[in-house]
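Summary of structural features
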Amino acid sequence: MSSTDQTLAATGLTKHFGSREAVSDLTFEVRAGRAFGLLGPNGTGKTTTVRLLTGLLTPTRGSVTLFGQTLSRSNADALRARIGVQTDTRLYENLSVRDNLRTWGQLYGLAPRVIERRIGEVLEVLGLSDRVGSLAGELSKGMRQKLSVGRAVLHEPDLLFLDEPTAGLDPEAAIDLIGYVREMINTLRTTVVICTHQLHGLETLCDDVGILNRGRLAVTGEVRTLLRRRWPEHRYLLEVGGDPASAREVITSAVGRAVEFSTVEGLLSFSLNKQEPISSAVAALVHSHIQVRAVIPRRPTIQDLYFATINDGSAA
Ligand SMILES: Nc1ncnc2c1ncn2[C@@H]1O[C@H](COP(=O)(O)OP(=O)(O)OP(=O)(O)O)[C@@H](O)[C@H]1O
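As the structure is a computational prediction, the values presented were derived from the model and not from experiment. (Residues numbered from 1 in each chain as written. Predicted model: local features only at pLDDT ≥ 70, side-chain atom pairs only at ≥ 80, totals over all residues. Heavy atoms only, no water.)

Focus on unusual backbone geometry
One non-glycine residue, D25, lies in positive phi territory at about 55°. Here D25 lies in strand β2 (residues 20-31). Its identity as a non-glycine residue notwithstanding, R189 has a phi of 60°, on the positive side. Residue position: R189 is located in the loop between α6 (171-188) and β8 (191-195). (Helix = DSSP H or I, 4+ residues; strand = E, 2+ residues; numbered from the N terminus.)

Some points on the packing of helix α3 (residues 97-107) against helix α4 (residues 112-126)
Two elements in contact, α3 and α4, have axes separated by 10 Å at closest approach and are oriented at 130°. Here α3 lies oblique to α4, going by the angle between them. Of the two possible hands of crossing, α3 and α4 adopt the one that is right-handed. On α4, the residues that touch V97, R98, L101, R102, G105 and Q106 of α3 are I115, E116, I119 and L123. (Axes fitted to C-alpha atoms, helices over the stretch in contact; angles between N-to-C directions. Parallel < 35°, antiparallel > 145°, perpendicular 65-115°, else oblique. Left-handed = near helix turned anticlockwise from the far one by under 90°. Contact = heavy atoms within 4.5 Å.)

Concerning the pattern of salt bridges
Summed over the entire model, instances satisfying the criterion amount to 18 salt bridges. A salt bridge links R118 to E156; its shortest N-O distance comes to 4.0 Å. Placement of R118 in helix α4 and of E156 in the loop between α5 (141-153) and β7 (159-163) is noted, with a sequence separation of 38 residues between them. Overall, the relative accessible area of 6% leaves R118 in the buried class. For E222, the salt bridge identified is with R224, shortest N-O distance 3.7 Å. The class of R224 is exposed, set by a relative accessible area of 58%. Taken together, the shared-partner salt bridges in this structure form one network comprising R34, D208, E222 and R224. (Salt bridge = Lys/Arg side-chain N within 4 Å of Asp/Glu carboxyl O. Buried < 20%, exposed > 50% of the residue type's maximum accessible area, 1.4 Å probe, protein only.)

Quick notes on the domain arrangement of the protein chain
One can read the domain layout of the protein chain as domain 1 (3-227) and domain 2 (232-299). Just the C-alpha atoms count here: the centres of domain 1 and domain 2 sit 43 Å apart. (Domains from an automatic or database assignment.)

As structure tokens, this is what we get:
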């Protein structure tokens, strides 16, 4: 990988608050134009990590590289100009939506013409165009959330940090927002680091993940590779008519080995490896006059990986 591909890298990043070690020895990288999900339970060090990565905190040990340069006091301001951070919803309550964004545009050093164009574009995609004149203090929680995202992307940053961006949004708005972030990645090659507890459907956004547990990076890498490595077999859910015990027997005999079954919401759940096609199992069931109502491939998700990783950590 060339250094131009790498937008962000943490090497041995460690932060102590007094005797408390908030994060320890974090080493990972995020390549340009990719979305990295930084996940973990409450109090595990996500906010601390983002503050270290954006130069708001100085590490006790280790270093951060942004756009190929090691982050230091002397270059922090210049590097931060290329970053957008949506970490809280603190807004200018007595200013309108437009004036909130204008003020931030001026702080980013954008030309007035660019500010007006970007305000229009950002409010349009976030579905806030009709609230341009409303005071920030009068917005609903979800609208405030959208405005804080709009503020972070106004200057079209090369690197965007999002902290719980979908919190407070209704499901439709959450899907829209994730779609918008994905589009930014695809069209502008924006690099995104997202901290979230909303794990459902996260694979539509994240290419890579890092799962923090008790301040340490338990797992990091490409989502697809991590899922394949953890679950090399194919999982299925099966809905059959009649006694599931008979179905289990037939499948076991068709596969020719002891298959482990469980029941998930009344469905039979089991795994097959690549050499064991599901079609043979289904054919054997049909042959035995067992009605097959549904065969659902159960692809593992980031959520599965998250819980498996956290459980590994608890067991250790
Ligand atoms: N300024 C600080 N002074 C002392 N301890 C701190 C400070 N900031 C964070 N911590 C501690 O560091 C640990 C990690 O906190 P952090 O806020 O980074 O977690 P988080 O993963 O972002 O949590 P959440 O998901 O709840 O937002 C916690 O034990 C927290 O109490």
